[in-house]
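Chains, contacts and geometry: an overview
Here is how the chains run, residue by residue.
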Amino acid sequence: MTGTAPVPFTADDYKARMDRAARQAADAGLAGLLVAPGPDLVWLTGYAPPAVTERLTLLVLAAGREPVLVVPTLEAPDAEKATGAPALALRDWTDGKDPYALTAALLDAQGRFGVSDNAWALHLLGLQTTLPGTSYVSLTEALPMLRAVKDAAELERLAAAGAAADAAFEEIRNVRFSGRRESEVAADLAALLRRFGHSQVDFTIVASGPNGANPHHEAGDRRIERGDMVVLDFGGLRDGYGSDTSRTVHVGEPTEEERRVHDLVREAQEAGFRAVRPGAACQDVDRAARAVIADAGYGEYFIHRTGHGIGVTTHEPPYMIEGEEQPLVPGMCFSVEPGVYLPGRFGVRIEDIVTVTEDGGRRLNDTERGMVTVD
Ligand code: ZN
Ligand code: ZN
Ligand code: ZN
């Protein structure tokens, strides 16, 4: 995997995203969007402040108005360098001045605003105090599909991130597992993700033996033994876009039961993947995967939703879960990751990132889904 750098996003790309966001906010009955540093701000403007501090940085988007980025004066030079900066106006404020008064002048004093989920309470309270007539809703709850449909350039990045995670799996399946601690294998995985181009590692789950029955187990001191099933689930960001894949390997030869449960999860993953097509509901993907596991009598051991969206973060809408009727749209990207967790014994999870195409789905991960044995 050499991996050439992707074509950079342009100011026009960011302008189009900001326009779309402002339009969607207006359609949702909002006076605008207030976006703090984090994934939404990066996606909308290409700007990530050098450090997120108590000093207010806030993007104000409203339909029919020029986007404005409120920034501390000392960080204005960084903000000016952001790729999206030509598409917005900067308003800087110096220490000792009131950033909320500056921001309030940009807002409808009676408006209802969508606020990015990771905005600091400090800042939201400052705005509420300055403009008591305003009200606020979660941006993700108001516009869950804002970042969900990826364009070609984003898909290219997600595919490259997936290929890099796959390359990491191809290497890790050849390292020694037995006798080593989970945390050591996890460190290998993190190093491999970085070697294959990731700038950020979000998680490296290595859950061996009984630990595999806990889907949230990260990696600990447990020494991996012969006979263990080991759930590997790892990912992070490469060129700003996420990877997330799981494979469950076995140290030495598996028992018949271990093989059967692994085959079952593989079949469920395949069924979930085959349910992916434009117009199907998110819950249809969950139902397809879950039915396979339930029909085999393991329904009570599949204890999480089937999948989550991925993009500039590794967990975002849309969610593949019962009750989510959002239709699938070409360009959406999400995980299909059923699992079976047998308390005190072992767990199995198989996860690929899938993107919706014009007539079905395409996997962005393609390593062996059958049982892989390791040493
Ligand atoms: Zn075993
Ligand atoms: Zn995962
Ligand atoms: Zn996942």
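Values in this document were obtained by computation on a predicted structure and should not be read as measured data. (Residues numbered from 1 in each chain as written. Chains lettered and ligands numbered in written order. Predicted model: local features only at pLDDT ≥ 70, side-chain atom pairs only at ≥ 80, totals over all residues. Heavy atoms only, no water.)

The coordination sphere of the zinc ion (ligand 2) contains the protein donors Asp233 (OD), Asp233 (OD), Asp244 (OD) and Glu351 (OE), at a distance range of 2.0 to 2.5 Å. The coordination sphere of the zinc ion (ligand 2) comprises four donor atoms, whose angles at the metal cover 56 to 149°; the geometry is irregular. Counting gaps between the donor residues of the zinc ion (ligand 2) yields the pattern D-x10-D-x106-E. The metal-metal distance between the zinc ion (ligand 2) and the zinc ion (ligand 3) is 3.0 Å, with Asp244 serving as a donor to both. Taken together, the residues Asp233 in strand 8 (residues 229-238) and Glu351 in the loop between strand 15 (346-349) and strand 16 (352-356) connect sequence positions 118 residues apart. Neither residue differs from the other here; Asp233 and Glu351 are each classed as buried. (Donors = N, O, S within 2.8 Å, 3.2 Å for Na, K, Ca; no water. Tetrahedral: all angles 85-135°; square planar, octahedral: opposite > 155°, others 65-115°. Helix = DSSP H or I, 4+ residues; strand = E, 2+ residues; numbered from the N terminus. Buried < 20%, exposed > 50% of the residue type's maximum accessible area, 1.4 Å probe, protein only.)

So, about the state of the cysteines. For the structure shown, the criterion picks out zero disulfides. The thiol of Cys282 is not disulfide-bonded; the next cysteine sulfur, from Cys333, is found 13 Å away. Of the residues examined, Cys282 reaches a relative accessible area of 0% and is grouped as buried. On the basis of relative accessibility, which here comes to 0%, the residue Cys333 falls in the buried class. (Disulfide = S-S within 2.5 Å.)

As far as domains go, the protein holds domain 1 (11-142) and domain 2 (152-374). Centre-to-centre separation of domain 1 and domain 2, based on C-alpha positions: 35 Å. Of the residues lining the interface, four residues belong to domain 1; the matching set on domain 2 comes to five residues. Across the domain 1 to domain 2 interface the summed buried area is about 330 Å²; carbon plus sulfur atoms make up 70%. The interface formed by domain 1 and domain 2 holds one salt bridge in total. One salt bridge connects Glu154 with Arg17, and the closest N-O pair in it is separated by 3.7 Å. On inspection of domain 1 and its partner domain 2, the count reaches one residue pair in polar contact (both at pLDDT 80 or more). Each residue belonging to the side of domain 1 that touches domain 2 can be placed in one class, and the counts come to two nonpolar, one polar and one charged. (Domains from an automatic or database assignment. Contact = heavy atoms within 4.5 Å. Buried area = accessible area lost by both parts, 1.4 Å probe. Salt bridge = Lys/Arg side-chain N within 4 Å of Asp/Glu carboxyl O. Polar contact = N/O pair within 3.5 Å; in protein donor to acceptor, adjacent residues only side chain to side chain. Nonpolar A, V, L, I, M, F, W, Y, C, P; charged D, E, K, R; others polar.)

Before going further, it helps to spend a moment on the sheet that holds strand 6 (residues 135-138). Ordered by their spatial adjacency, six strands build an open sheet running 4-3-2-1-5-6, and the pairing between neighbours is mixed. Each edge of the sheet is formed by a strand with only one pairing partner; in this case those strands are strand 4 (89-93) and strand 6. The sheet shows a mean angle of 25° between the axes of neighbouring strands, taken without regard to direction. Note: strand 1 (residues 32-35) against strand 2 (residues 58-61), three bridges, orientation antiparallel. In the strand pairing of strand 2, Val35 is matched with Leu59. Packing of helix 5 (residues 121-130) onto the sheet brings it into contact with strand 1, strand 2, strand 5 (112-115) and strand 6, and relative to strand 6 it is tilted by some 155°. (Pairing = 2+ DSSP bridges. Axes fitted to C-alpha atoms, helices over the stretch in contact; angles between N-to-C directions.)

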